[in-house]
Amino acid sequence: MSGVDRRTFLKQAAMAAAAAAATSLVPGVTFGRELESYLDGFVASADVTWHKTPCRFCGVGCGLQVAIENGRAVAVRGDPASPVNRGLACVKGYHSVQALYGRDRLTRARVRRNGELVDVPIQEALDLIADRLRDTIEEHGKDSVALYGSGQWTIPDGYVASKFFKGGIGTNNLEANARLCMSSAVTGFMTSFGMDEPMGCYEDIDHADVFVLWGNNMSEMHPVLFSRMLRERDRRPDVRIIDLATRTTRTSYAADRSILFTPQSDLAIANGICHEIVRRGWANRDFVDRYVTFKEGRTQIGYGLQDDFSFTDRATDASWSDFVRFLDDYTPERVEEISGVPASEIRWLASLYGDPSRKVMSFWCMGLNQHTRGTWVNNLVYNIHLLTGKISTPGNSPFSLTGQPSACGTVREVGTLTHKLPYGDVTNPEAREKAAEIWGVPVERIDPQPTHHTVSMFRALDRGDLRFMWIQVTNPMVTMPHLNRYRDGAEKDGRFIVVSDVYPTPTTDVADVILPAAMWIEREGLFGNSERRTQHFQQLLEPPGEAMSDTWQLIEVARRLGYEELFPWSYEEHIDRIWAEYIRFHDSPDHRMAPLAELRERPGIIWPYVDGQETKWRYNTATDPAADPERGAFDFYGNPDHRAWIWLRPYEPPPEWPDDEYPFWLNTGRVLEHWHSGSMTRRIPTLHRAVPGAYVEIHPDDAREMGIGEGERVRLVTRRGSLELPTRIEFRAQPPRGQVFVPFFDETLLINDLTLDAYCPISAQPDYKKCAVRVERIGVE
Amino acid sequence: MARRASLFTRTVAIGVAAAAMLLAIVLVVPALIDMVAGPDHPPVTRMTSPGEPIPAEALAYRIRPWDLAVPLHSEPREGARPRTLETYRSLRAYPGAPPRIPHEVSPEQSRATLCNACHAGGGYVPRHGAYTPVTPHPEFSDCLQCHVPDAGAVGVGVGAVPADLSLVGWAPADWVARDWPELDQRAMPGSPLWIPHELRLRENCLACHAGPGAVEEIRTTHPDRTDCRSCHVPLVTDDPGFTRPVDRSAGGDS
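My aim in this report is to walk through the structure given alongside it, one point at a time. None of the values given here were measured: they were computed from a predicted structure. (Residues numbered from 1 in each chain as written. Chains lettered and ligands numbered in written order. Predicted model: local features only at pLDDT ≥ 70, side-chain atom pairs only at ≥ 80, totals over all residues. Heavy atoms only, no water.)

**Concerning the overall build of chain B**
Point 1. Helix and strand content of chain B: six helices and two strands.
Point 2. Across the 254 residues in chain B, those meeting the buried criterion constitute 33%.
Point 3. The contacts in chain B between residues at least 6 apart in sequence include a share of 69% that link residues at least 24 apart.
Point 4. Accessible surface for chain B amounts to roughly 15,300 Å². Of this, 61% is attributable to carbon and sulfur atoms. (Helix = DSSP H or I, 4+ residues; strand = E, 2+ residues; numbered from the N terminus. Buried < 20%, exposed > 50% of the residue type's maximum accessible area, 1.4 Å probe, protein only. Contact = heavy atoms within 4.5 Å. Areas by Shrake-Rupley, 256 points an atom, 1.4 Å probe, with all protein chains shown as cover.)

This is the structure we're talking about:
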């Protein structure tokens, strides 16, 4: 076979295989020509190899294939074998590998000496961190040191973090920025079902007839799932997409119906839908009688604005008639008064949820989670699905989406939060005993008392109760609400801040030590996405300079503190050993994880993974091996009574809303092109050039009344701070009159200096979507 | 007597004081409570309709496959006259200019503004042996405001494009058009193409880039994906990359 023939043959073979895979998974989607251009000149080259990995960015968890040539990542394509994205990706995923090669990548450790950061060998920096950690514990006690990570931690990172801090040092000062992102989703699941994470999976999209998006701009935030939804509508013209939101976005335009509501009134809307379902007799009484219990919690629960705030909910039993009486307050007319949504629209929504012939999927993410009543509103969406029995079956699915690639896999499953262990809570003696046994530590070392959630942790740093904080894979000096207080706190004397990251950020600016981190496919790791899918990635690249994985940084420091026996593994085998140890925590049919050998081969596996089978629908006795068929079609085994709980949660107002002095709502969030604080996506030229900086969206009528033009700089002022930035009046989205929106990705225009650090008292997740702001015209200067 | 008077006075005084207190409670305290706590829930704005859609975004989703005369993914039929980049460019004075009308427009047609009858939905026209280009902005109907027939095209015959632009009486000597954007602009092999042109009035990607009536060289291979801009983004700045305004990590001023 001549060289040319061989080249052509290989190319055609690869194309045929890839095209066959793509078309068989997504009938009608034509990838042939596109694949040809992808592969042109690639497949034939012996120097290029393609490897699977989950995407580095959001919680959708798309499967990607990355091309490696001469030790560098040179191209990306969607993995046709991944059931998540079936060969597609979004603009961030397609350009993701360029985030590895930004000009200012951190490659050396830096230590602050006399106020200046100077490069040092990484081993010297690790020595210094260990010394400071030891000294701080000796001087101020074990609860004066903290570790703060994120849902971008790989599963091994989070596992080592938990073992080091909870099993080694014995402090519960372990948190993750996922607290700011999905802890209301967790407490919502825990209070309604007694177990975390969705019962369904993305395959529900292929079966649902109605999609209700609760404050979720999926077109920009979860684009691949949104594309799957649009495709279903193209395939099945009866499919309807309803965008229920406080702002008009791309998602609203693509939806069949856009319904705008007053911020916070989602609580009333959900109850109004239930009111109408009950009144019309659309409730599935058989389901409710067999599988549901009614509960009532405390009300007037506060907003967490004071440093000494604390709250504990108390569940009391309620009945069907209590629930019906409770709903009396939420007639569609009354809901209209609170929400601004016409009663007729509430009735229409109820008719969609209540129609037994339609399968309904509800999606939500930050709109419901970043909410001072986040736990409640999560409960209330479950109420609708439980009242109609539309749950845990294909296409009937209340689905809480996440924002980070491993918020589920690491923070929720490993449990890198103050109250959690890898299985169960620190307050539970059995969970502590299990952890002590697997970790080989005395059970007394695991502290039974949770300490600080994230906001409380940064307040403690400000007050001086915390003296040492190690921050990995996250950028709190962009993302904390009421940021100026916490930045001032971090910069105070007597605070020692270690930051592990891949680029300089406002957080490395306040660091005393910066550790260069190995990123994504520069090390071996695992993520867990929103549908309980665990995804493995191999090390494909050498990390630059002295960059080291977060896992290994933690192990190095732990060993220096004398915890060698907790981390005895060699570098070559440490991921295997960590995985084998970690899955012992989950070795039961309700949570069993796949072995690493299988995860290495497959584009992710959904847990519980029992006898070689993924569990796509939990609590359904036909599909979930942990559910007991004796109990009927469903077994909500997470709760002690094996029933799901409907909660009587009322509407309560937010802590702050527009008044004469601050007449606008301030809403914050993301854009398609930038991921979170922008430290990676802004270094990707395509994304930076599409959206180079932050701006404030304002309604054209409000702008006209104030004489403000497109692109003009205005000043936003809240009770906490002010910021000047340009307007975008005719950009991609539009707030209603009386609201402005600012994306938070821009470190030079820090909108979080203005946001309010009020949080949901049950989840401790702050509300970044609602506070009161004044818009001032600056005029020509 | 004195006692009774005193009692009377005291009773009156107590009454007045009580009334004053009551008045204070009725008038002042709610105001105080209001000052402290405010009204018990946020003002409700009527927000049922999203208002005027923003063209750049709303129109991106306007054309759906079932709205069109022919499915977006169908190939042009055998023998149809192809619409090529060459003819596309020859009808525009510069990149982004409204195209001229290459066919005859009768006085009746121009009065009735009937263009959208054909150009909103596209489709094959046997008489012309070609597909009708689909307009990306069918919400406008006063088409001749921007699109004008060539003087030279009147009577030239439908679809025929005069090769020599001087024939149509428009060729100023010192005109220099911007270059047409390169077609194959992307970050890496296989990554999604950038959008190399401005989007105003051309927000609906599928109108020009999908279906058998689309220009051959820029026709998408995957018209099934209607959320085009989740992968393809425009470049709004020439700034090659992000640079921190002050890199404090480099040392110094903390």
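**Examining unusual backbone geometry**
Residue and element names in this part refer to chain A.
Point 1. Cis geometry marks the peptide bond from tryptophan 607 to proline 608, where omega comes out at -5 degrees.
Point 2. Take proline 608: it is sitting in the loop between strand 20 (605-606) and strand 21 (609-610).
Point 3. One non-glycine residue with positive phi stands out, namely serine 392, at about 60 degrees.
Point 4. The topology assignment puts serine 392 in the loop between helix 16 (374-387) and strand 14 (397-400).
Point 5. On the basis of relative accessible area, serine 392 is assigned to the buried category, the value being 0%.

**Let's talk about the sheet that holds strand 4 (residues 109-113) of chain A**
Residue and element names in this part refer to chain A.
Point 1. Strand order in the open sheet formed by seven strands is 5-4-17-16-15-6-7, and the pairing between neighbours is mixed. On the outer flanks of this sheet lie strand 5 (116-120) and strand 7 (174-176), each paired with one strand and no other. Direction aside, the axes of adjacent strands within the sheet are offset by 20 degrees on average.
Point 2. Across five bridges, strand 4 lies against strand 5 in antiparallel orientation. Bridging from a neighbouring strand, valine 111 pairs with valine 118 of strand 5.
Point 3. Across the face of the sheet, helix 23 (residues 550-560) comes into contact with strand 6 (145-149), strand 15 (468-472), strand 16 (496-501) and strand 17 (513-516) while running at roughly 155 degrees to strand 15. (Pairing = 2+ DSSP bridges. Axes fitted to C-alpha atoms, helices over the stretch in contact; angles between N-to-C directions.)

**So, the nonpolar core**
All names here are of chain A.
Point 1. Counting residues in each nonpolar core, the largest one holds 90 residues, and the members touching the most others are Phe193, Trp214, Ile273, Leu386, Met469 and Phe636.
Point 2. Sequence-distant contacts of methionine 469, that is, excluding residues within four places in its chain, are made with Ala146, Tyr148, Met457, Phe458, Leu461, Phe496, Ile497 and Val498.
Point 3. Within the second largest apolar cluster, 75 residues are counted, among which are Leu230, Cys365, Leu401 and Ile684. (Core = buried A, V, L, I, M, F, W, Y, C linked by side-chain atoms within 4.5 Å.)

**Structural notes on the packing of aromatic side chains**
Point 1. Within this structure, the stated rule accounts for 40 aromatic pairs over all chains.
Point 2. Seen from their ring centres, A:Phe287 and A:Tyr291 are 5.2 Å apart, and the 55 degrees between their planes marks the pair as tilted. With A:Phe287 and A:Tyr291 both in helix 11 (residues 285-291) and four residues apart, the pair spans about one turn of that helix.
Point 3. On the accessibility criterion, A:Tyr291 (6% relative accessible area) is buried.
Point 4. Note on A:Tyr291 and A:Phe634: the rings are 5.4 Å apart at their centroids and 80 degrees apart in plane angle, and the pair reads as edge-to-face. Taken together, the positions of A:Tyr291 in helix 11 and A:Phe634 in the loop between strand 22 (613-614) and strand 23 (644-648) put the pair 343 residues apart, joining distant regions of the chain. Comparing A:Tyr291 with A:Phe634 shows no difference in burial state: the two are buried.
Point 5. These aromatic residues form a ring-pair network of at least three members: A:Phe189, A:Phe193, A:Phe287, A:Tyr291, A:Trp364, A:Tyr382, A:Tyr619, A:Phe634, A:Phe636 and A:Tyr637.
Point 6. The residue whose ring lies beneath A:Arg689 is B:Trp194, and the NZ or CZ to ring-centre distance is 5.6 Å. (Phe/Tyr/Trp six-rings, centres within 6.5 Å; stacked < 30°, edge-to-face > 60°. Lys NZ or Arg CZ within 6 Å of the ring centre and 35° of its normal.)

**Considerations on the pairing of strand 27 (residues 722-728) of chain A**
All names here are of chain A.
Point 1. Examined bridge by bridge, strand 25 (residues 696-698) and strand 27 share two bridges and lie parallel to one another. Bridge assignment links valine 696 to a residue of strand 27, and that residue is threonine 727.
Point 2. Hairpin connection between strand 26 (residues 713-717) and strand 27: a loop of four residues separates the two successive antiparallel strands.

**Remarks on the sheet that holds strand 13 (residues 360-364) of chain A**
Residues and elements named next belong to chain A.
Point 1. Strands sit in the order 10-9-8-13-14 across an open sheet of five strands; the sheet is parallel. The sheet is open, and its two edges are formed by strand 10 (257-260) and strand 14, each paired on a single side. Taken over all neighbouring pairs, the strand axes of this sheet differ in orientation by 15 degrees on average, direction set aside.
Point 2. Where strand 8 (residues 210-214) and strand 9 (residues 240-245) come together, five bridges link them in parallel fashion. Across the sheet, the residue bridging to tryptophan 214 is leucine 244, located in strand 9.
Point 3. On the sheet, helix 16 packs against strand 8, strand 13 and strand 14 and is oriented at approximately 175 degrees with respect to strand 13.

**Brief notes about the packing of helix 5 (residues 155-169) of chain A against helix 23 of chain A**
Residues and elements named next belong to chain A.
Point 1. Two elements in contact, helix 5 and helix 23, have axes whose closest approach is 8 Å; the angle formed by their N-to-C orientations is 20 degrees. Classified by the angle their axes make, helix 5 and helix 23 are roughly parallel. The handedness of the crossing between helix 5 and helix 23 is left-handed. Within the contact between the two elements, helix 5 uses Pro156, Asp157, Val160, Ala161 and Phe164 and helix 23 uses Asp550, Thr551, Leu554, Ile555, Val557 and Ala558.
Point 2. Residues of the contact of helix 5 with helix 23, tallied by class, amount to eight nonpolar, one polar and two charged. (Parallel < 35°, antiparallel > 145°, perpendicular 65-115°, else oblique. Left-handed = near helix turned anticlockwise from the far one by under 90°. Nonpolar A, V, L, I, M, F, W, Y, C, P; charged D, E, K, R; others polar.)

**Topic: the packing of helix 10 (residues 266-279) of chain A against helix 16 of chain A**
Residue and element names in this part refer to chain A.
Point 1. In the contact formed by helix 10 and helix 16, the axes pass within 9 Å of each other and the chain directions differ by 15 degrees. The orientation of helix 10 with respect to helix 16, classified from their angle, is roughly parallel. In the crossing of helix 10 with helix 16, the sense of the turn from one axis to the other is left-handed. Contacts from Asp266, Leu267, Ala270, Asn271, Ile273, Cys274, Ile277 and Val278 of helix 10 reach helix 16 at Trp376, Val377, Leu380, Asn383, Ile384 and Leu387.
Point 2. Looking at the contact of helix 10 with helix 16 residue by residue, the classes come out as 11 nonpolar, two polar and one charged.

**Observations concerning the pattern of salt bridges**
Residues and elements named next belong to chain A.
Point 1. Overall, the coordinates contain 68 salt bridges over all chains when judged by the stated rule.
Point 2. Linking glutamate 232 and arginine 236 is a salt bridge whose minimum nitrogen-to-oxygen distance equals 3.0 Å.
Point 3. On the basis of relative accessible area, glutamate 232 is assigned to the buried category, the value being 4%.
Point 4. Linking arginine 373 and glutamate 652 is a salt bridge whose minimum nitrogen-to-oxygen distance equals 2.9 Å. Within this pair, whereas arginine 373 is found in the loop between helix 15 (366-369) and helix 16, its partner glutamate 652 is found in the loop between strand 23 and strand 24 (664-669), the two being separated by 279 residues in sequence. (Salt bridge = Lys/Arg side-chain N within 4 Å of Asp/Glu carboxyl O.)

**Considerations on the pairing of strand 19 (residues 533-537) of chain A**
All names here are of chain A.
Point 1. Counting buried residues in strand 19 gives five out of five residues, a clear majority hidden from the surface.
Point 2. Side chains Arg533, Gln535 and Phe537 project from strand 19 onto one buried face, and the interleaved Thr534 and His536 project onto a second face that is buried too.
Point 3. In terms of strand pairing, strand 18 (residues 525-528) meets strand 19 through four bridges, oriented antiparallel. The partner of glycine 525 across the bridge, within strand 19, is phenylalanine 537.
Point 4. From the end of strand 18 to the start of strand 19, which pair antiparallel, there are four residues, and arginine 532 there has a positive phi angle of about 65 degrees.
Point 5. Note: strand 19 against strand 20, two bridges, orientation antiparallel.

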